[in-house]
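# What the coordinates show
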Amino acid sequence: MGSCCNGAFSASSHLSVTGFSQGFKSPKLPRLSKRQDGWFAQPPGASRICAYYGLRTPPYKLDALEPHMSQRTLEMHWGGHHRNYVEGLNKQLEKSEILYGCTLDELVKVTYNNGNPSPEFNNAAQVWNHDFFWESMQPGGGSMPELGVLQQIEKDFGSYTNFREKFVEAALTLFGSGWVWLVLKREERRLAVIKTSNAICPLVWDDIPIISLDMWEHAYYLDYKNDKGKYVNVFMNHLVSWNVAMARMARAEAFVNLGEPKIPIA
Ligand SMILES: [Fe+2]
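Residues numbered from 1 in each chain as written. Predicted model: local features only at pLDDT ≥ 70, side-chain atom pairs only at ≥ 80, totals over all residues. Heavy atoms only, no water.

Here we come to the coordination of the iron ion. Taken together, the protein ligands of the iron ion are His77 (NE2), His130 (NE2), Asp214 (OD) and His218 (NE2), with distances of 2.0 to 2.1 Å. Each of the four donor atoms bound to the iron ion contributes to angles spanning 89 to 133 degrees, and the resulting shape is tetrahedral. Within one chain, the residues serving as donors to the iron ion are arranged as H-x52-H-x83-D-x3-H. Of the two residues, His77 is situated in helix H1 (residues 71–94) and Asp214 in strand E5 (residues 208–214); the sequence distance between them amounts to 137 residues. (Donors = N, O, S within 2.8 Å, 3.2 Å for Na, K, Ca; no water. Tetrahedral: all angles 85-135°; square planar, octahedral: opposite > 155°, others 65-115°. Helix = DSSP H or I, 4+ residues; strand = E, 2+ residues; numbered from the N terminus.)

Shown next as C-alpha cells:
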C-alpha cells in the first residue's frame, strides 16, 4: 500500500485535523516524526510527511454476502478496484502538500471544488463511496426497514413500496457508471432518492447519505452479467442493511430537525 514520505505513519485510519473548518486553507501543522517514546514536532525545514489513507475492510468476511454477492466479486471489487482508488489517491497526495491533513469527508468536498474538481477528486470520492457502500450491506440484509427509517420513508415517499420503486428505477435508468443513494436533504428535511454519475458523491451538495448502491459494472458483472435488474432487486431483498440505515438516520437527526419526536401516550 501507499507509504509516507519518511515512513512516519503506518496506521490504516485517516489522518484528521481537529478544528478544520469550512473554507479550505492549508493547515498550519507542526511536522511530526516518531521516535520510541512517541510523536514529536520537527523543526521547520525537516523532511515532511504526507497524508495517508488506508484501505478499510468491509465489516464482514469476503464470503459473507454469498450467494447474493460472491467472494470473487468482493475480492475483485474491494481487493482490486477499491484498493486501486486508495493507492491512486495516496500517490496523488504525495505531490500535494496543500491537501495534507484532511479527513476523507473534507478531502471529497475540497477537491470537488464547487463543481470544478481537482485531479484528486475521483480517487478521493471513490474511496469514500466504497467505504460507505460496504457498510450499506450486511449478511442477511434486505427485507423491510423498521422504526424511524420506515416512518420517515412512509412520510416522504408515501409507502415503502413507492420508495423501493423509485430506488430501483433510479438504478436502472442511470446512464453509464455511477451510484444510487437514499439521502437526507438538509434544507428540505426529507429523504430523497438520487443518482450520481461516475465518482460523484452527495456529500458535495451537503446531502446526508443513508444508503448507497454501486452501479458500476464491476459491482455486478461477475455475478449477474448484464442483468442489472436482478442485481438491484437482490440488493433490496437480501443485502441492504437497514440496521446501518437506522444508525445513520439517528446520527443525521442530530443535524437535521425532522420534527417533534413521537411521545408514546400511556
Ligand atoms: Fe465499485
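Turning to the sheet that holds E5, a few remarks are in order. Here three strands make up an open sheet; going across it, the order is E4-E3-E5 and the pairing antiparallel. The sheet is open, and its two edges are formed by strand E4 (190–197) and E5, each paired on a single side. Ignoring strand direction, the axes of neighbouring strands in this sheet form an average angle of 20 degrees. Lying over the sheet, helix H8 (residues 242–252) contacts strand E3 (178–185), E4 and E5, oriented at roughly 155 degrees with respect to E5. (Pairing = 2+ DSSP bridges. Axes fitted to C-alpha atoms, helices over the stretch in contact; angles between N-to-C directions. Contact = heavy atoms within 4.5 Å.)

Here we come to the packing of aromatic side chains. Overall, the coordinates contain 15 aromatic pairs when judged by the stated rule. Judged by centre distance (6.0 Å) and plane angle (45 degrees), the ring pair of Phe132 and Trp181 falls under tilted. Here Trp181 lies in strand E3 and Phe132 lies in helix H3 (residues 121–135), a separation of 49 residues in the sequence. Trp181 shares its class with Phe132; the two are buried. Pairing Phe133 with Trp179 gives two aromatic rings, centres 5.9 Å apart and planes at 75 degrees, and the pair type is edge-to-face. Of this pair, Phe133 sits in helix H3 while Trp179 is found in strand E3, placing the two residues 46 residues apart along the sequence. With respect to burial, Phe133 and Trp179 carry one shared label: buried. The structure contains a cluster of three or more aromatic residues connected by ring pairs, namely Trp128, Phe132, Phe133, Trp134, Phe157, Tyr160, Phe163, Phe167, Trp179, Trp181, Phe235 and Trp242. Above the ring of Tyr221, the side-chain terminus of Lys225 is found at 5.6 Å from the ring centroid. One residue, Arg248, lies across the ring of Phe132, its end atom 3.5 Å from the ring centre. (Phe/Tyr/Trp six-rings, centres within 6.5 Å; stacked < 30°, edge-to-face > 60°. Buried < 20%, exposed > 50% of the residue type's maximum accessible area, 1.4 Å probe, protein only. Lys NZ or Arg CZ within 6 Å of the ring centre and 35° of its normal.)

All right, on to the pairing of E5 then. Along E5, seven of the seven residues are buried, which leaves the element largely enclosed by surrounding structure. Sheet topology places E3 next to E5; six bridges connect them, and they run antiparallel. Within E5, the position partnered with Val183 by the bridge is Pro209.

Ranked by size, the top nonpolar core spans 74 residues in total, and within it Phe163, Tyr231, Phe235 and Trp242 carry the most contacts. Among the elements that take part in this core, H3 stands out by supplying eight residues, more than any other. Apart from the residues lying within four places of it in its own chain, the contact partners of Trp242 are Gly142, Ser143, Met144, Pro145, Val149, Ile153, Tyr160, Phe163, Leu182 and Ile211. (Core = buried A, V, L, I, M, F, W, Y, C linked by side-chain atoms within 4.5 Å.)

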